[in-house]
Amino acid sequence: MPGCVGLATKESTGLLNTTATSIDRFLCDTLAGAPRPWPKLQAVSSTEFLERCRHHGIAALLFHRASSSLGWPEWPQDVQTALEQESKAGVARDLLRGHYLKQLAERFTAEGIPCLVTKGQALAVTHYHVPGVRTRSDTDLFIRTGDISPVLNIANQLGYVLASTVYKSHQFTLLRPGDELNSVRLDIHWRIQNAPRFAHSICFDEAFHDSIEHPDLPPVRVLFPVDALMLACMHRFGNERHDRNRLIWISDIHELFSDMSEAELERFGANAVERGVQAVCRDGLE
């Protein structure tokens, strides 16, 4: 898995402490398929370990990767139970999001509104064997600027409420109210990224032309892998508060990169240079 070597250097909030560093190295090894024995973490409490897993957004993914390993029985029972619960909750949330996403996409299609699903919601199905293990707090959709009003109207008809100012940035947030497991949050983007330096790096019409059909939820469409990888790399630098070494984002880059053909990688490199984002793309791959 790329990105793990320099993981323990710095976060946006400051230097990692020794405990976080040891946990992060353990998590990297486990996700990469080379888990170290739990006794290496004897001085770490279960609470510290689970908090670090949630910070990285990989609790469900970790359970999926680690529970079949030879060293799994050595893990503390409360850690095993918590990770399993995260995994089950992720599967349940994924089914719910899929149901409402298909409903929304069908209405958009009926009204002639093109739309792309991006980031974690798309990658969960296209690049993870079990979609529920790709933790995400929302569903990101990419639309044309001119479709903001009709998208809002359709969403309101389907029970969503506006939870942010529409023109404060390049996105707005819609919520379908419910409890923690049953609520649905949509982040609707009319630029690919809020950060000004990335906002025009992927234009909607070109991205939609190159897009592919969601494998499980037609008529939903997702970014072509070249665009998806560029977005994954840019996302790490989209907000100064982001921990750029958050492992679920590194995992996305790893899965996308590993699945691409030589021709796609060449196109990715050319696009990155042409659009002036080669530095952040190279950083993500490294």
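Everything below is about the structure shown above.
Rules behind the numbers
- Residues numbered from 1 in each chain as written.
- Predicted model: local features only at pLDDT ≥ 70, side-chain atom pairs only at ≥ 80, totals over all residues.
- Heavy atoms only, no water.
- Helix = DSSP H or I, 4+ residues; strand = E, 2+ residues; numbered from the N terminus.
- Rg over C-alpha atoms; globule rule 2.2 N^0.38 Å.
- Buried < 20%, exposed > 50% of the residue type's maximum accessible area, 1.4 Å probe, protein only.
- Contact = heavy atoms within 4.5 Å.
- Phe/Tyr/Trp six-rings, centres within 6.5 Å; stacked < 30°, edge-to-face > 60°.
- Lys NZ or Arg CZ within 6 Å of the ring centre and 35° of its normal.

Engineer: Hey, could you go over the overall build of the chain for me, with residue numbers and the actual values?
Structural biologist: Broken down by element type, the chain carries 11 helices and seven strands. Computed over its C-alpha atoms, the radius of gyration of the chain comes to 19 Å, within 12% of the 19 Å expected for a compact globule of 286 residues. If you line up the chain on its principal axes, its C-alpha atoms span 55 × 45 × 35 Å. Residue burial in the chain is summarised as follows: out of 286 residues, 51% are buried.

Engineer: Which residues make up the environment of Pro219, and what are the values?
Structural biologist: Relative to the assigned elements, Pro219 resides in the loop between β6 (212-213) and β7 (221-222). Residue classification places Pro219 among the partly exposed positions, given a relative accessible area of 31%. Measuring from C-alpha to C-alpha, the distance between Pro219 and His242 comes to 32 Å, with 23 residues separating the pair along the chain. Aside from chain neighbours lying at most four places away, what touches Pro219 is Ala105, Glu106 and Thr109.

Engineer: Account for the packing of aromatic side chains, naming residues and giving values.
Structural biologist: Tallying each qualifying case throughout the model produces 11 aromatic pairs. Between the aromatic rings of Trp72 and Trp75, the centroid separation amounts to 5.0 Å while the plane-to-plane angle is 45°, which identifies the pairing as tilted. Given the relative accessible area of 10%, Trp72 is considered buried. Taking relative accessible area as the criterion, Trp75 reaches 4% and is therefore assigned buried. Taking 6.2 Å as the distance between ring centres and 35° as the angle between the ring planes, the aromatic pair formed by Phe172 and Trp190 counts as tilted. With Phe172 in strand β4 (residues 171-176) and Trp190 in the loop between β5 (184-189) and α7 (204-210), the pair connects residues that are 18 residues apart, well separated along the chain. Take Trp190: its relative accessible area is 8%, and that puts it in the buried class. Three or more aromatic residues joined by ring pairs make a cluster, and in this case those are Phe26, Trp38, Phe49, Phe63, Trp72 and Trp75. Stacked on the ring of Trp249, the Lys or Arg Arg246 has its end atom at 5.2 Å from the ring centre.

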